[in-house]
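This is what each chain is made of:
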Amino acid sequence: MPLEAGLLEILACPACHAPLKETDTELVCTANGTDCGLAYPVRDGIPVLLVDEARRPA
Ligand SMILES: [Zn+2]
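Residues numbered from 1 in each chain as written. Predicted model: local features only at pLDDT ≥ 70, side-chain atom pairs only at ≥ 80, totals over all residues. Heavy atoms only, no water.

### Digging into the sheet that holds strand 4 (residues 46-47)
Next, step 1: Overall, antiparallel pairing links the four strands, which are arranged 1-2-3-4 in an open sheet. Each edge of the open sheet carries a strand with a single partner, namely strand 1 (20-22) and strand 4.
Next, step 2: Bridge count between strand 1 and strand 2 (residues 26-29): three bridges; the pairing is antiparallel. Within strand 2, the residue paired with lysine 21 across the bridge is valine 28. (Pairing = 2+ DSSP bridges. Helix = DSSP H or I, 4+ residues; strand = E, 2+ residues; numbered from the N terminus.)

Put into structure tokens, the structure is as follows:
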């Protein structure tokens, strides 16, 4: 289920404040040149922007 229009634009990675990009099941940090790149789960259409809940990049 896509997020509400406009919501993605105001969301930022809580770890590094880079913009997020939506995938099928996650919001992925788009930071370049850093080691962030965390992927945040979307549960029942609600993004869980918690570093503790984020998936680390492989
Ligand atoms: Zn980040």
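### Focus: the coordination of the zinc ion
Next, step 1: Cys13 (SG), Cys16 (SG), Cys29 (SG) and Cys36 (SG) make up the full set of protein donors to the zinc ion, lying at 2.2 to 2.3 Å.
Next, step 2: Each of the four donor atoms bound to the zinc ion contributes to angles spanning 100 to 114 degrees, and the resulting shape is tetrahedral.
Next, step 3: Note on cysteine 16: relative accessible area 30%, which makes it partly exposed. (Donors = N, O, S within 2.8 Å, 3.2 Å for Na, K, Ca; no water. Tetrahedral: all angles 85-135°; square planar, octahedral: opposite > 155°, others 65-115°. Buried < 20%, exposed > 50% of the residue type's maximum accessible area, 1.4 Å probe, protein only.)

### Comments concerning unusual backbone geometry
Next, step 1: Although it is not a glycine, histidine 17 adopts a positive phi angle of roughly 70 degrees.
Next, step 2: As for its position among the elements, histidine 17 is in the loop between helix 1 (7-10) and strand 1.
Next, step 3: Phi is positive for aspartate 44, close to 55 degrees, though the residue is something other than glycine.

All we've got here are geometric facts, nothing functional implied.
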